[in-house]
Amino acid sequence: AYAALILHEKALEQANQALLLLDRKTQPWLYAYAQLARADALKGLGKAREGETDLTAAKQWADHNETHELQAYALSVAGYLNLTLSETDKALANFQTGYRLAEQHDLRISPADFSGMIALVYEYRDEPSLAIPYFEQAEAYYRSANLRLELANTLFGLGRSKLKLNQRQEGLQLLVESARLAIDIHDIQGAAYSYQQISEALIERGKLTEAKAYLEDALTLFKEAGNPFQQIGVLLSQARIQLIEANNTEALERLNLASELAVGDAFLPYNIQINKLKAEALAARDNYEQAYSLILTMLEDEHRLQQEKNSQRL
């Protein structure tokens, strides 16, 4: 349940507690299930490599004992881990295998679930035209089965893909519906993600006043969920609007709030964006020396980030 609500730390706590209470010999199926839950939570926390050990052990047991329910769950977790690690070909293969397995057996994870996962791969590859048919297959199933959380998530992906293809009106309508569904079922972060995406589309269309309202709501919801990464993302969007409107002081206030949250190496990509926008705001106020200093810091950080990415790829 926590994983579905994108609350990965709480999901990890519950999975760890389950594994402490279980005995692998007497309850192997449930133990493997909990291992997959832990792997999924670690993926959500950006620790996909750490989750691979649990995944491998659980998947081997499921394959050896031909427990289709657990095999399907393992394939879904494997695909998500692959996707997090940018291994899109492996992710697609795992999700397609899961799709065929779900077609052959009556499982909790349906073919439509795997269809939505396949769509995420194409979305990750920035291939929205390929993602849309899979999102639409999942949408049709979730509407007919009245599965509102899954429908809200699918509408979010579908709306975002439509926006990428410049189908703006339809894309915005889907995102608004996703947000309303999320609010109805108290999926706080789901609504906030939709609000943030809607605001980005509105900024592109020059509808800054409407965008501000959505961003304020998104910031409130991300604060409630304790999500610093998304709070920073919202603050950056708010700062961009202030810069467009030449409200440089207000933009710096938003960026300073973002800086207070962006502490630690995990926030390096955000600090690059923060310093870039800060330099722009300072230059607009004729504080050229401070702006120049921030640009130098930003370039150093960009170089460090690129080195890290290269090491990860290697």
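Here's what I pulled together on the structure shown here.

Calculation rules
Residues numbered from 1 in each chain as written. Predicted model: local features only at pLDDT ≥ 70, side-chain atom pairs only at ≥ 80, totals over all residues. Heavy atoms only, no water. Helix = DSSP H or I, 4+ residues; strand = E, 2+ residues; numbered from the N terminus. Rg over C-alpha atoms; globule rule 2.2 N^0.38 Å. Buried < 20%, exposed > 50% of the residue type's maximum accessible area, 1.4 Å probe, protein only. Areas by Shrake-Rupley, 256 points an atom, 1.4 Å probe, with all protein chains shown as cover. Lys, Arg positive; Asp, Glu negative; His and termini not counted. Charge placed at Lys NZ, Arg CZ, Asp CG, Glu CD. Phe/Tyr/Trp six-rings, centres within 6.5 Å; stacked < 30°, edge-to-face > 60°. Lys NZ or Arg CZ within 6 Å of the ring centre and 35° of its normal. Contact = heavy atoms within 4.5 Å.

Turning our attention to the overall build of the protein. A tally of helices and strands in the protein yields 15 helices and zero strands. Against the 2.2 N^0.38 benchmark of 20 Å for 314 residues, the protein shows a C-alpha radius of gyration of 21 Å, consistent with a compact globule. Dimensions of the protein along its principal axes, counting C-alpha atoms only, are 70 × 40 × 35 Å. With 314 residues in all, the protein has 46% of them scored as buried. When the accessible surface of the protein is summed, it comes to about 16400 Å², and 49% of that surface belongs to carbon and sulfur atoms. Computing the positive centroid from 31 side-chain charges and the negative centroid from 43, the protein places the two 1 Å apart.

Our next topic: the packing of aromatic side chains. Centre-to-centre distance and the angle between the planes together describe a pair of aromatic rings. Going through the model one piece at a time under the given rule, you end up with 11 aromatic pairs. With a centroid separation of 6.3 Å and 55 degrees between ring planes, the pair formed by F267 and Y270 is classed as tilted. In this pair, the class of F267 matches that of Y270, namely buried. Members of the aromatic cluster, each reached through a chain of ring pairs, are W29, Y33 and Y73. The positively charged end of K43 is found above the aromatic ring belonging to Y80, 4.9 Å away from the centroid.

Before going further, it helps to examine the side chain of T67. Take T67: it is sitting in the loop between α3 (48-65) and α4 (68-84). The buried category is assigned to T67, whose relative accessible area is 17%. Sequence-distant contacts of T67, defined by excluding residues within four places in its chain, comprise W29, W61 and A62.

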